[in-house]
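Listed below, chain by chain, are the residues.
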Amino acid sequence: MSEHLLALETSCDETAVAIVSDGGQVVASRVHTQIDLHALYGGVVPELASRDHLARILPLVDETLREAEMSLEEMTCIAATAGPGLVGALLVGLQTAKGLALASGRPLVGINHLEAHLAAILLEDEWPTTPFLALLVSGGHTTLYEVQDASGGEGDRERWSVRRIGGTRDDAAGEAFDKSARLLGLPYPGGRALDQLAAGGDPEAVPLPRGMMHRPEPDFSFSGLKTAVRLHVEREGVPEGQALADLCASIRAAIVEPLVKKTVRAAEGLGVNEVLLCGGVAANGTLRQTLEQALAAEGRRLFVPRPAYCTDNAAMVGAAGWMAFRGGGRSPMNLNADPGWKPGGVGPHHV
Ligand code: KG4
Ligand code: ZN
């Protein structure tokens, strides 16, 4: 008989609910994005985010159960993102999950949002085998992790433990896309729009800095890029037509190249053959293709979740939820949201 897990995600500006069955089969996955709400302010306004999550979450749970033609009582477990993220936003999903867990008598598992981005690959047909390297690139994070099996050989599935080996010293890659896009007058969060405008552009047209690219550490720096784009726009104005495509392609290359270079080098350093790319910026086709080719040239293989599971969603929380649940992870009802929760193994929240 199938087992079902209900997953909730409210860490930032997406309210999302999913039902994931038997470990990795997505039965229903709904995402309500608040982008229109925040676009007016050029970034996420935490208080508005919390209020909108509160208004949306229960109707979205109902809709998701209805789409799956299932009831709350049929769920085996309830999972929710407990951190990192905006504390007020996290609390809405987590407290709702507690209520649903209490009402149904099912266990609760609190999930780390970053580990959920990594676990999104479990929703695909194939995923990397431990030990592997993961590059997480999102609006708030740009981090390289070494992922190992923490199951100790128990059970029929791996349980990942995650160790940070490097990451950005300042802006995240998604932030670099979004801040550059804003300087070009594109609405928040402009990463995707900038990516689309880059089509047909010359990536070498505008020389832009590639922070830390030639340094040996597995770290990144993107804040200099933002300044360079600002100075370019102040000097020459926001270009149009082909010149705009050229500038966008140049910005994209200045973000993608250091990500690819450092990831390839980190894979070499760890001696791993399989690499995972995940998080919202992994929806970027140029990053996916360039990294795939660079790794393949050395006999390494890249795994990337489909774009809908790269950007924030609850199905990935379901995938991480299954991994934690099957590993015996259960969270207490006094589990608190942890806005700064760093990923790593079992985590302090599981008893
Ligand atoms: O993982 P995510 O949905 O939310 C966070 O947890 O941060 O990532 C959102 C980020 C935003 O910065 C957005 O601009 C970026 O992912 N993004 C993209 C693309 N699609 C989303 N950046 C570049 N190219 C894209 N196609
Ligand atoms: Zn995210």
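Scroll up a little and you will see the structure.
First, a word on scope: everything that follows refers to the structure included in this document. Source: prediction; values computed, not measured.

Glancing now at the site of ligand 1. Surveying the vicinity of ligand 1 reveals 19 residues, the closest of which are G139, D178, G280, N284 and D312. The separation between a nitrogen atom of ligand 1 and a polar side-chain atom of D195 is 3.1 Å. Protein coverage of the free-state accessible area of ligand 1, which is 550 Å², stands at 89%. A molecule is said to occupy a pocket when more than half its atoms come within 2 Å of that pocket's grid points, and by this definition ligand 1 occupies the largest pocket. Of all the secondary structure elements, the ones that give two or more residues to the shell around ligand 1 are α4 (113-119), α5 (173-183) and α6 (191-197). Across the shell around ligand 1, the residue classes break down as five nonpolar, ten polar and four charged.

Right, let's get into the layout of surface pockets. Counted as a void, the largest pocket has a volume near 1400 Å³. D13, G139, D178, Y188 and P189 are the residues nearest the centre of the largest pocket, which is lined by 45 residues in total. A per-element tally of the lining of the largest pocket places α5 first, with six residues.

Time to look at the coordination of the zinc ion (ligand 2). Looking at the zinc ion (ligand 2), the protein donor atoms are H113 (NE2), H117 (NE2) and D312 (OD), and they sit 2.0 to 2.1 Å from it. With four donor atoms in place around the zinc ion (ligand 2) and angles of 95 to 140° between them, the coordination shape is irregular. Mapped onto the sequence, the donors of the zinc ion (ligand 2) take the spacing H-x3-H-x194-D. Highlighted residues: H117 in helix α4 and D312 in the loop between α10 (307-310) and α11 (315-326), separated in sequence by 195 residues.

Okay, the sheet that holds strand β2 (residues 14-21) next. Where strands meet in a sheet, backbone hydrogen bonds hold them as pairs that are either parallel or antiparallel. Read across the open sheet, the five strands follow the order β3-β2-β1-β4-β5; overall the sheet is mixed. Here the strands that pair on one side only, and so sit at the sheet edges, are β3 (25-33) and β5 (108-112). In this sheet, neighbouring strand axes are inclined to one another by 20° on average, regardless of whether the strands run parallel or antiparallel. Pairing geometry for strand β1 (residues 4-9) and β2, over six bridges, is antiparallel. Each residue of the ladder has a partner; that of L5, found in β2, is V20. Its contacts with the sheet put helix α2 (residues 46-68) on β1, β2, β3 and β4 (75-83), and the angle it makes with β2 is roughly 25°.

Let us now look at the nonpolar core. Ranked by internal contacts, the top residues of the largest apolar core, which has 44 residues, are V137, L184, I251, I255, L259 and L277. Counting residues per element, this core draws most heavily on helix α8 (residues 241-270), at 13 residues. Each residue touching I251, except ones within four places of it in the same chain, is listed here: S180, L184, L194, L208, L225 and V229.

Quick look at the sheet that holds strand β8 (residues 160-167) now. Across the sheet, five strands lie side by side as β8-β7-β6-β9-β10; this open sheet has mixed pairing. Both outer strands of the open sheet, β8 and β10 (301-303), are each paired with one neighbouring strand and no more. Averaged over all adjacent pairs, the angle separating strand axes in this sheet is 25°, with direction ignored. Here three bridges tie strand β9 (residues 274-278) to β10, and the two strands are oriented parallel to one another. Within the sheet, the bridge partner assigned to E274 lies in β10 and is R301.

This part takes up helix α3 (residues 87-104). The end-to-end C-alpha separation of α3 is 25 Å, in line with the 26 Å expected for 18 residues at 1.5 Å each. Every buried residue belonging to α3 is among A89, L90, V92, G93, L94, T96, A97, K98, L100, A101 and S104, and all of these are buried. The inward-facing, buried residues of α3 contact β1, α2, β4 and β5. Where α3 terminates, the next one or two residues include G105, which has phi positive at roughly 70°.

Side-chain direction in a regular strand flips from residue to residue, so the side chains alternate between the two faces of the sheet. Among the nine residues of β4, nine are classified as buried, and the element is accordingly described as predominantly covered. The pairing of β1 with β4 spans five bridges and is classified as parallel. The residue bridging L8 from the neighbouring strand is A80, located in β4. Where β4 meets β5, five bridges bridge the pair, whose relative direction is parallel. Looking at the pairing, I78 lines up with L108 of β5.

When two helices pack together, their arrangement is given by the angle between their axes and by how far apart the axes lie. Where α5 meets helix α7 (residues 223-236), the closest approach of the two axes is 9 Å, and the angle between their N-to-C directions is 10°. If you check the angle between α5 and α7, you find them roughly parallel. Packed against α5, whose contacting residues are A176, K179, S180 and L183, the element α7 presents L225, K226, V229, R230 and V233 at the interface. For the contact of α5 with α7, a count of residues per class yields five nonpolar, one polar and three charged.

The rules behind the values
- Residues numbered from 1 in each chain as written.
- Chains lettered and ligands numbered in written order.
- Predicted model: local features only at pLDDT ≥ 70, side-chain atom pairs only at ≥ 80, totals over all residues.
- Heavy atoms only, no water.
- Near = heavy atom within 4 Å.
- Polar contact = N/O pair within 3.5 Å; in protein donor to acceptor, adjacent residues only side chain to side chain.
- Areas by Shrake-Rupley, 256 points an atom, 1.4 Å probe, with all protein chains shown as cover.
- 1 Å grid on protein atoms, 1.4 Å probe; cavity = no way out; pocket = protein on both sides within 12 Å on 5 of 7 lines; lining within 4 Å.
- Sits in = over half its atoms within 2 Å of the grid points.
- Helix = DSSP H or I, 4+ residues; strand = E, 2+ residues; numbered from the N terminus.
- Nonpolar A, V, L, I, M, F, W, Y, C, P; charged D, E, K, R; others polar.
- Points joined across faces, edges and corners; volume = space filled by probe spheres on them.
- Donors = N, O, S within 2.8 Å, 3.2 Å for Na, K, Ca; no water.
- Tetrahedral: all angles 85-135°; square planar, octahedral: opposite > 155°, others 65-115°.
- Pairing = 2+ DSSP bridges.
- Axes fitted to C-alpha atoms, helices over the stretch in contact; angles between N-to-C directions.
- Contact = heavy atoms within 4.5 Å.
- Core = buried A, V, L, I, M, F, W, Y, C linked by side-chain atoms within 4.5 Å.
- Buried < 20%, exposed > 50% of the residue type's maximum accessible area, 1.4 Å probe, protein only.
- Expected span 1.5 Å × (residues − 1).
- Parallel < 35°, antiparallel > 145°, perpendicular 65-115°, else oblique.

By themselves, these figures tell us nothing about what the structure is for.
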